[in-house]
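Tertiary structure, described
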Amino acid sequence: EDQVTQSPEALRLQEGESSSLNCSYTVSGLRGLFWYRQDPGKGPEFLFTLYSAGEEKEKERLKATLTKKESFLHITAPKPEDSATYLCAVQTLSGGGADGLTFGKGTHLIIQP
Amino acid sequence: EPEVTQTPSHQVTQMGQEVILRCVPISNHLYFYWYRQILGQKVEFLVSFYNNEISEKSEIFDDQFSVERPDGSNFTLKIRSTKLEDSAMYFCASSTQGALTGELFFGEGSRLTVL
């Protein structure tokens with residue numbers, strides 16, 4: 001069974017304090033790994049897609065990286081508006097392009113001013 | 001900016017009642033999904049829909065669930081006889097190229113409370 005584990009469950013940082021969130025996965029064959037942001041009471045919002053080990057994607061203060069077993073979401077000099085739950089999801093080789101994503105439980109990030 | 005819209009935002013129902021959750025996906029999208037999130041739990045895949053038929057469904061999506069695209073704009077999830085454990089936030093999502101790109105656009109969700 002495909003598994004996605006995110007750590008830590010919660011993280012509190014001071015504004016400007018950089019850190020990394022981890023997503024480790026155990027899947028039958030990875031097609032893609034995705035990062036989403038979820039604000040309270042809202043649906044997930046797409047951030048990044050990573051397909052192969054060594055790949056990196058950046059957007060503003062966020063950078064996502066991928067290895068064969070895990071992905072990291074690096075947050076550089078975060079601001080209070082970066083506070084959210086960050087979700088990792090995978091799609092595996094068992095399905096076609098329309099298949100569902102398997103999500104982790106997320107990391108609840110709080111950035112204090 | 002185009003967005004996925006869902007109605008109702010919150011529905012309270014009695015156990016055993018039928019519920020229909022409605023979604024209007026982004027207009028040029030071809031792939032449609034329903035996910036659910038029980039309070040405090042992870043987002044779980046229910047069903048994907050493409051070319052007017054179900055592409056894949058999860059173990060959660062049993063005979064009590066059905067989906068329909070009755071016209072060119074709406075996408076609905078029906079729960080035939082609700083159970084207490086169906087209480088969750090239900091998210092509709094759509095995409096242009098399928099889940100392989102990972103770029104799903106989610107609605108704000110419909111919160112279902114079963115009493």
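Report follows, based on the coordinates.

The rules behind these values
- Residue positions are given per chain, counting from 1 as you read along its sequence in written order.
- Chain letters start at A and ligand numbers start at 1, both assigned in the order the entries are written.
- Local features in a predicted model are, by the rule used here, given only for residues with pLDDT of at least 70; side-chain atom pairs are given and counted only at 80 or more, and totals for whole chains, interfaces and linings are based on all residues.
- Hydrogens and waters are ignored; side-chain quantities use all the structure's heavy atoms.
- Secondary structure follows DSSP: runs of H or I at least 4 residues long count as helices, runs of E at least 2 residues long count as strands, and numbering of each begins at the N terminus.
- Summary of the burial criterion: residues with accessible area below 20% of their type's maximum are buried, those above 50% are exposed, and those between are partly exposed, where the area comes from a 1.4 Å probe applied to protein chains only.
- The criterion used for residue contact is that any of the two residues' heavy atoms lie within 4.5 Å.
- By definition, disulfides here are pairs of cysteine sulfur atoms that lie within 2.5 Å.
- Should DSSP find at least two bridges between two strands, the strands are taken to pair.
- Lines fitted to C-alpha atoms define the axes here, with helix axes fitted over just the stretch in contact, and angles between the N-to-C directions of these axes take values from 0 to 180 degrees.
- A quick way to say it: buried area is the sum, across both parts, of accessible area lost when two parts are put together, with a 1.4 Å probe.
- A pair is scored as a salt bridge if a Lys or Arg side-chain nitrogen falls within 4 Å of a carboxyl oxygen belonging to Asp or Glu.
- In protein, a polar contact means a hydrogen-donor-capable atom and an acceptor-capable atom, both N or O and within 3.5 Å, with residues adjacent in sequence counting only if both atoms are side-chain atoms; elsewhere, any N or O pair within 3.5 Å suffices.
- In this analysis, rings of Phe, Tyr and Trp, with Trp reduced to its six-membered ring, are considered paired at centre separations within 6.5 Å, and the interplanar angle assigns stacked below 30 degrees, edge-to-face beyond 60, and tilted for intermediate values.
- Nine residue types can take part in a nonpolar core, namely buried Ala, Val, Leu, Ile, Met, Phe, Trp, Tyr and Cys, and a core is a set of them joined through side-chain atoms within 4.5 Å.

1. What about the environment of A:Phe34?
Inspection of the secondary structure assignment puts A:Phe34 in strand 4 (residues 30-38). Taking the relative accessible area as the measure of exposure, A:Phe34 reaches 0% and is therefore buried. As a C-alpha pair, A:Phe34 and A:Cys23 span eleven residues in sequence and 10 Å in three-dimensional space. Ignoring anything within four residues of it in the chain, the contact list for A:Phe34 reads A:Phe48, A:Thr49, A:Leu87, A:Cys88, A:Ala89, A:Val90, A:Gln91, A:Leu101, B:Ala99, B:Leu100, B:Thr101 and B:Gly102.

2. Considering the state of the cysteines
Scanning all chains against the criterion turns up two disulfides over all chains. The disulfide bridge from A:Cys23 ends at A:Cys88, spanning 2.0 Å between sulfur atoms. With the S-S bond torsion at -60 degrees, the cross-link from A:Cys23 to A:Cys88 turns out left-handed. Taken together, the positions of A:Cys23 in strand 3 (residues 19-26) and A:Cys88 in strand 9 (residues 84-92) put the pair 65 residues apart, joining distant regions of the chain. By relative accessible area, which is 0% here, A:Cys88 ends up buried. Across the disulfide from B:Cys23 sits B:Cys92; the S-S distance is 2.0 Å.

3. Overview of the sheet that holds strand 3 of chain A
Strands in a sheet are paired, the pairing made by backbone hydrogen bonds, and the direction either parallel or antiparallel. Residue and element names in this part refer to chain A. If you trace the five strands from one edge of the open sheet to the other, you get 1-3-8-7-6, paired in antiparallel fashion. In this open sheet, the two edge strands, each paired with only one partner strand, are strand 1 (3-7) and strand 6 (56-59). Along the sheet, successive strands turn relative to each other by an average axial angle of 15 degrees, direction set aside. Relative to strand 3, strand 1 runs antiparallel, the two being bridged by five bridges. Its bridge partner being in strand 3, Ser7 is matched across the sheet by Asn22.

4. Thoughts on the interface of chain A and chain B
Reports often express the size of an interface as the amount of accessible area lost when the parts come together. Each side of the interface is counted separately: chain A has 21 residues, and chain B has 24 residues. Carbon and sulfur atoms make up 55% of the area that chain A and chain B hide from each other, which totals about 1800 Å². Taken together, the links from chain A to chain B amount to one salt bridge. For the salt bridge of A:Lys42 with B:Glu108, the shortest nitrogen-to-oxygen distance reads 2.9 Å. Linking chain A with chain B are five residue pairs in polar contact (both at pLDDT 80 or more), by the criterion used here. Contributions of two or more residues to the side of chain A that touches chain B are made by strand 4, strand 5 (45-50) and strand 9 of chain A.

5. With respect to the side chain of A:Thr85
All names here are of chain A. With respect to the element layout, Thr85 can be found in strand 9. A polar side-chain atom of Thr85 sits 3.4 Å from a polar atom in the side chain of His108. Setting aside chain neighbours within four positions, we find Thr85 in contact with Tyr36, Arg37, Gln38, Gly106, Thr107 and His108.

6. Some words on the packing of aromatic side chains
All names here are of chain B. If you walk through the whole model with that rule in mind, you get 14 aromatic pairs over all chains. Each ring, one from Tyr33 and one from Tyr35, has its centre 6.4 Å from the other, and the planes form 45 degrees; the classification is tilted. By the burial criterion, Tyr33 is buried, and Tyr35 matches it.

7. Some words on the nonpolar core
By size, the foremost hydrophobic cluster in this structure holds 22 residues, and its most contacted members are A:Leu33, A:Trp35, A:Leu73 and A:Tyr86. Where this core is concerned, the elements lending two or more residues are strand 2 (10-14), strand 3, strand 4, strand 5, strand 7 (62-66), strand 8 (70-75), strand 9 and strand 11 (107-112) of chain A. For this core, the element with the highest residue contribution is strand 9 of chain A, accounting for four residues. Judged by nonpolar contacts, the second largest core, of 21 residues, contains B:Phe32, B:Trp34, B:Leu112 and B:Val114.

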